[in-house]
Amino acid sequence: MGANISVVRGNCKVLKVETLRRALFTFDHDDVAVIQWRIKMLTGRESLSCFDICSDNSGSGIQLGKDDDLKRLKSFGDNEHENALSSSSVVDCPVCGSKIPGNNNEINSHLDACLLRGTKRKLTQRTLLQLNFSPVLSKVKIVPDELVESDNPGIVPLSPPETIAREEIEDSGSEELTGKESLLIDSEIDCMVSSSSFCPKNEMAELPMDDCKPDTFEATLDTFIVGRRYADREEISPGLTIALSRDPYNVKDSNAIKVVSSDSAGCKLLGFLPRELAQYISPLVDEYGFRFLGSVISVPENSLENVPIRLQRTSDGERNYGDETFNCLWRKAQSVSRNPPQSAKYQLNFCLMLQEVLRNNTHLLTEDEKTYLESFTLLSNDSQRIFIRLYTRKGPWFRMSSISYPEIMDVHKAVKELDEKGYMCSMEEAHQLSESDVSDILNILSVSELREIWRMLEKSCGRGMKKQDLVSSLVSTYADGLCPGLSIMIMNRTGSCVRISSKAESLIWRTERLFFLNGEQDLSSFLLVDMGKVKYPTYNCILSESVFSNRRDLLSYEEAIEVAQIMDEALGANRTDTVLRCIKIAESHISAALPIQYLTSESVITIRHLFTASWVYSKVVILGISFLEQERRYRDAIDLLKWLLNCFTCDVRRGYWTLRLSVDLEHLGYTEESLQVAENGLLDPWVRAGSRMALQRRVVRLGKPPRRWKVPSFSRSAMRKIPEVYVQGRPINSDLGAKSRFYNEEGEQCGVEELALYYYAGEGGGWQGVHTESGIWLTIFGLLMWDVIFADVPNVFYTRFQNAPLDLGTDSFYSVRKSSIESHLRKIRDGMAEECLIKSWETHNGTACRGVNWDRHTLHELRAAVTCVGGHCLASLCELLTQDYRSWSSGMPDLLLWRFNGEYSGEAKLVEVKGPRDRLSEQQRAWLLLLMDCGFVVEVCKVKPL
């Protein structure tokens with residue numbers, strides 16, 4: 001189950017709330033499994049009457065009841081002991097959290113009904129709740145359960161600590177959204193919950209009395225009805241009379257307050273008060289006899305959106321409202337009503353990102369940049385939300401008329417504030433339209449609007465022209481100055497437009513890079529976690545140094561990233577001049593930075609070199625070399641390869657560069673020089689794995705007499721024959737360059753790999769297997785070495801959005817964890833691999849880990865593979881991956897086959913499949929020979945047409 005329930009017969013220890021929840025709900029949708037496990041845990045369910053299952057003051061644990069009750073509790077699960085509490089006592093159900101009478105019959109009946117109907121509390125995504133980006137941060141408390149109207153768990157911000165947000169998902173309306181924006185609209189939330197929500201249920205929030213002075217108070221509150229999706233579909237109209245009704249037994253929040261229609265018979269449920277307001281109103285109703293009536297102010301277009309209402313306070317006139325607690329509660333309720341927080345998840349996530357970057361990277365930002373970013377948190381909620389919305393949308397320009405979001409009250413006011421603070425730029429008049437912005441502004445117009453402008457210029461109707469053709473033609477017309485009124489025509493149709501300012505855009509881009517430390521993740525990573533799409537593993541962030549030592553290094557790295565982006569676009573568009581220009585820029589920057597950054601091997605084996613400008617520029621050069629080789633410009637490629645080998649003397653990529661240099665020299669006919677390069681490469685300690693084997697084969701092949709008379713010592717090993725089998729099939733296509741397709745014996749179409757699997761399952765020996773290449777091996781490695789991968793190692797986990805340590809793929813991964821790795825490898829060799837695999841699968845199923853694919857392979861397939869491959873081969877493969885994950889994580893043979901010889905033993909085989917026109921590359925042959933050295937049985941299956 002993956003949960004450690006600390007309950008023993010005769011000795012009841014304190015249980016962790018979240019541990020109990022995880023144990024109860026490991027099988028989310030399997031009621032049978034839940035009930036079976038519950039019976040195992042709660043043998044004598046009547047013993048629940050002796051527990052007061054609620055959080056302590058810190059919200060951290062489940063505590064036992066009164067002292068005299070503990071004396072009467074002799075054993076947990078004893079069906080014969082007497083109830084420790086009277087039947088009138090009330091306990092919390094550990095499944096749904098609701099209050100139930102403490103007698104045996106009531107507890108038994110409730111648990112049966114509760115579990116059978118699948119009632120469960122929403123579980124939060126723990127990885128972000130346990131986030132600790134800085135050593136000085138304290139542990140984050142577990143957020144309490146949501147209100148009944150809340151539908152999705154939310155992320156808890158680390159800062160500010162006094163606020164925690166929860167909100168239900170709202171419908172996105174009719175606005176058409178794409179990409180990250182569609183994720184944002186799916187993750188809206190309704191309310192902000194103050195930290196007082198951490199107090200135990202049925203206890204009033206502890207309020208700061210210093211801020212609560214007696215004062216006269218207004219008798220009205222303006223707020224909203226939320227949670228409409230959980231209410232009756234009662235029609236709401238403006239002016240509808242409403243009333244409030246307490247819901248103390250709400251399973252999500254004991255402070256919940258229902259909003260009901262007092263106009264209809266039976267008081268139909270319309271929804272609920274926002275949670276942040278209900279926590280103050282509920283004690284006023286319970287303790288001071290407050291009563292509220294009200295009416296609906298307006299009705300939103302979407303029936304599920306929040307409904308504005310106005311509440312009128314009434315009372316019995318007999319209570320004393322002069323004490324400090326009362327005044328504090330009322331003032332808090334008024335404050336929340338006047339300024340409804342309604343902080344959206346994406347808003348909290350964005351602010352969290354800013355705060356963490358400002359906290360951990362002050363040495364990388366100027367005072368002006370820090371002040372600028374800090375000022376964002378001082379903006380109004382509407383301004384913050386609209387900025388984040390537009391930043392995550394494709395722009396750069398947006399029509400003011402098209403900006404509308406249900407959680408933003410006043411768009412124009414928010415945009416004006418952002419414009420004043422320098423976060424946005426606006427354009428309202430035609431004279432503000434510059435030539436550089438014409439193309440972007442035209443792109444926000446529809447095709448019909450563009451054609452209308454085209455016709456007004458006395459051109460053809462443009463009906464057959466595509467949008468980009470119309471935009472290009474209009475931009476050309478504007479640049480030629482042939483139509484002075486074109487800018488007016490454009491602005492008349494767009495109206496006022498806004499865009500994110502260049503300063504804000506560049507600073508937020510830098511903030512994202514510093515927070516995530518890669519170019520693949522952005523704000524959508526928060527949302528994927530919020531919605532349960534991605535679950536990151538649990539690990540500790542132990543930080544003693546920053547990735548970037550100073551601002552100069554950061555700026556150089558950002559500049560290199562921009563060059564790499566330009567290079568990528570140029571390769572896609574086949575712009576040779578731009579590619580060559582990027583290569584020249586990379587060369588010049590590496591030459592200037594190298595004497596500082598690559599003087600010793602020690603600086604290279606650390607992970608910080610992955611975040612240097614020189615590393616990025618070297619990748620730009622490598623891309624350029626591949627481009628030149630495709631263009632058959634071998635001389636230029638050779639010059640660059642020699643330059644890389646001369647500059648980066650301690651780099652794991654030297655093996656690949658040496659091999660390519662030897663191959664390119666042979667292409668030009670320089671056989672002797674090609675041989676010398678291969679021989680020298682074998683003396684290089686940084687040439688490893690497949691590259692080393694490929695170079696050995698080149699030395700044996702090129703070094704025949706009369707070039708070399710001495711036979712190398714590795715010749716017999718490198719030139720070993722790999723077993724081959726031949727399979728025949730009826731081809732479907734025979735086009736040159738197209739992937740080969742065949743008919744199998746049953747007349748079904750298949751590829752060469754599927755045809756080979758069909759052969760091995762039948763006349764080939766009754767093998768079972770999968771077409772996997774490296775996939776299944778990386779999954780097995782991740783599961784067997786999970787504890788090693790996510791061990792506590794300093795400066796390898798910088799954020800809670802990592803699926804692997806930063807040093808995986810470097811030499812330091814093995815050296816830092818050597819003792820732990822060797823211990824795991826001994827277990828694998830001793831035959832414990834299957835046990836470790838099952839335990840890791842059950843504990844971490846669905847958690848993101850580099851290389852692990854939870855969906856592609858079943859546990860049955862993985863167990864069969866581990867059993868048949870054997871501990872010795874598995875340990876050898878895992879050892880190679882820990883020592884050089886970068887080289888070994890790709891290029892494995894196509895098929896993994898296995899068959900059982902008995903119940904607990906079997907054999908396995910790795911097969912590389914080749915079609916009629918394919919042959920083994922030197923690299924693939926090197927892989928197969930290395931696997932043979934590890935003890936694997938390998939062969940090549942060649943498919944031939946009938």
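Cut-offs and rules
- Residues numbered from 1 in each chain as written.
- Predicted model: local features only at pLDDT ≥ 70, side-chain atom pairs only at ≥ 80, totals over all residues.
- Heavy atoms only, no water.
- Helix = DSSP H or I, 4+ residues; strand = E, 2+ residues; numbered from the N terminus.
- Buried < 20%, exposed > 50% of the residue type's maximum accessible area, 1.4 Å probe, protein only.
- Areas by Shrake-Rupley, 256 points an atom, 1.4 Å probe, with all protein chains shown as cover.
- Core = buried A, V, L, I, M, F, W, Y, C linked by side-chain atoms within 4.5 Å.
- Contact = heavy atoms within 4.5 Å.
- Axes fitted to C-alpha atoms, helices over the stretch in contact; angles between N-to-C directions.
- Parallel < 35°, antiparallel > 145°, perpendicular 65-115°, else oblique.
- Left-handed = near helix turned anticlockwise from the far one by under 90°.
- Nonpolar A, V, L, I, M, F, W, Y, C, P; charged D, E, K, R; others polar.
- Pairing = 2+ DSSP bridges.
- Phe/Tyr/Trp six-rings, centres within 6.5 Å; stacked < 30°, edge-to-face > 60°.
- Expected span 1.5 Å × (residues − 1).
- Arc of directions from axis to C-beta.
- Salt bridge = Lys/Arg side-chain N within 4 Å of Asp/Glu carboxyl O.

Participant: Could you give an account of the overall build of the protein, with specific residues and numbers?
Facilitator: Secondary structure summary: the protein contains 36 helices and 25 strands in total. Looking at the protein residue by residue over its 946 residues, the buried ones come to 52%. Here the protein displays about 44000 Å² of accessible surface, and carbon together with sulfur accounts for 48% of that area.

Participant: Describe the nonpolar core, with residues and values.
Facilitator: As a rule of thumb, nonpolar side chains are buried together in soluble globular proteins. Counting residues in each nonpolar core, the largest one holds 86 residues, and the members touching the most others are Phe350, Phe376, Ile386, Phe387, Leu390 and Ile403. No other element matches the 9 residues that helix H22 (residues 613–630) contributes to this core. Other than its neighbours up to four places away in sequence, phenylalanine 350 contacts Phe376, Phe387, Ile388, Ile508 and Leu523. Within the second largest apolar cluster, 65 residues are counted, among which are Leu783, Leu877, Trp927 and Cys934.

Participant: Outline the packing of helix H9 (residues 345–360) against helix H10 (residues 367–376), supporting the account with residue identities and numerical values.
Facilitator: At a minimum axis separation of 10 Å, H9 and H10 run at an interaxial angle of 150°. Taken together, the axis directions place H9 and H10 in an arrangement best described as roughly antiparallel. Considering the relative orientation of H9 and H10, their crossing is left-handed. Between H9, through Phe350, Cys351, Leu354 and Leu358, and H10, the contact on the second element is made entirely by Lys370, Leu373, Glu374 and Phe376. Of the residues belonging to the contact of H9 with H10, the class tally is 6 nonpolar, no polar and 2 charged.

Participant: Outline the sheet that holds strand S18 (residues 497–500), listing residues and values.
Facilitator: If you trace the 3 strands from one edge of the open sheet to the other, you get S16-S18-S17, paired in antiparallel fashion. Only two strands of the sheet have a single partner each, and these edge strands are strand S16 (397–399) and strand S17 (424–427). The mean angle between the axes of side-by-side strands here comes to 30°, regardless of whether they run parallel or antiparallel. Where helix H13 (residues 435–443) meets the sheet, its contacts fall on S16, S17 and S18, and the angle it forms with S16 comes to roughly 50°.

Participant: Describe the packing of helix H24 (residues 654–667) against helix H25 (residues 671–682), listing the residues and the values that go with them.
Facilitator: In the contact formed by H24 and H25, the axes pass within 8 Å of each other and the chain directions differ by 165°. Compared by their axis directions, H24 and H25 come out roughly antiparallel. The element H24 and its partner H25 pack so that their crossing is left-handed. Contact residues: Thr658, Leu661, Ser662, Leu665 and Glu666 in H24; Glu673, Ser674, Val677, Ala678 and Gly681 in H25. Residue composition of the contact of H24 with H25, grouped by class: 4 nonpolar, 4 polar and 2 charged.

Participant: I'd like a description of the packing of aromatic side chains, backed by residues and values.
Facilitator: Summed over all chains, the structure comprises 32 aromatic pairs. Taken together, a centroid distance of 6.0 Å and an interplanar angle of 55° make the contact between phenylalanine 515 and phenylalanine 801 tilted. Residue phenylalanine 515 is found in helix H17 (residues 502–516), and its partner phenylalanine 801 is found in the loop between helix H30 (786–789) and helix H31 (811–816); the two are separated by 286 residues along the sequence. Both residues of the pair, phenylalanine 515 and phenylalanine 801, count as buried. Following the ring pairs from residue to residue traces out a cluster consisting of Phe350, Tyr372, Phe376, Phe387, Tyr391 and Tyr423.

Participant: Requested: an account of H25, with residues and values cited.
Facilitator: Over its 12 residues, H25 extends 17 Å from the first C-alpha to the last, a length consistent with the 16 Å expected when each residue adds 1.5 Å. Listed in full, the buried residues belonging to H25 are Thr671, Ser674, Leu675, Val677, Ala678, Gly681 and Leu682. Looking down the long axis of H25, one finds its buried residues gathered within 160° of arc, a one-sided arrangement.

Participant: So what's going on with the sheet that holds strand S19 (residues 724–731)? Which residues, and what values?
Facilitator: Spatially, S21-S20-S19-S25-S24-S23-S22 is the arrangement adopted by the 7 strands of the open sheet, whose pairing is mixed. Across the chains shown, the open sheet's two edge strands, defined by having one partner strand only, are strand S21 (749–751) and strand S22 (768–771). Sheet twist, expressed as the average angle between the axes of neighbouring strands with direction ignored, equals 40°. In this sheet, strand S25 (residues 938–945) lies alongside strand S24 (residues 906–914) in parallel orientation, the contact comprising 5 bridges. Within S25, the residue paired with leucine 910 across the bridge is valine 938. Docked against the sheet, helix H28 (residues 752–761) engages S19, strand S20 (741–743), S21, S22, strand S23 (895–900), S24 and S25, running at close to 100° with respect to S21.

Participant: I'd like a rundown of the environment of tryptophan 397, residues and numbers included.
Facilitator: Mapped onto the fold, tryptophan 397 is located in strand S16. Taking the relative accessible area as the measure of exposure, tryptophan 397 reaches 5% and is therefore buried. Residue contacts for tryptophan 397: discarding those within four places in its chain leaves Cys425, Ser426, Met427, Asp437, Asp440, Ile441, Ile444, Cys497, Val498 and Arg499.

Participant: Mind laying out the pairing of strand S11 (residues 241–246), listing which residues take part and the relevant values?
Facilitator: Where S11 and strand S14 (residues 291–296) come together, 3 bridges link them in antiparallel fashion. In the strand pairing of S14, isoleucine 242 is matched with glycine 294. Examined bridge by bridge, S11 and strand S12 (residues 257–261) share 5 bridges and lie antiparallel to one another. Across the sheet, the residue bridging to serine 245 is lysine 258, located in S12.

Participant: Just give me the short version of the pairing of S19, but keep the residues and values in it.
Facilitator: Of the strand pairs in this sheet, S19 and S25 are connected by 6 bridges, and their pairing is parallel. For valine 725, the partnering residue across the bridge sits in S25 and is cysteine 941. With 2 bridges joining them, S19 and S20 adopt antiparallel strand pairing. If you follow arginine 730 over to S20, its bridge partner there is tyrosine 743.

Participant: Let's hear about the pattern of salt bridges: which residues, and what values?
Facilitator: Side-chain pairs of opposite charge can arise whenever the charged atoms involved come near each other. Scanning all chains against the criterion turns up 34 salt bridges. Aspartate 664 serves as the salt-bridge partner of arginine 660, at 3.8 Å between the closest nitrogen and oxygen. Of the two residues, arginine 660 and aspartate 664 are both situated in helix H24; the distance of 4 residues between them amounts to about one turn of the helix. Classification of aspartate 664 as buried rests on a relative accessible area of 0%. Of the charged contacts, one joins arginine 701 and glutamate 666 as a salt bridge, the two residues approaching to 3.3 Å between their closest N and O atoms. Residue arginine 701 is found in helix H26 (residues 689–702), and its partner glutamate 666 is found in helix H24; the two are separated by 35 residues along the sequence. Connected through salt bridges with shared partners, the residues Glu369, Arg510, Arg551 and Glu558 form a single ionic network.

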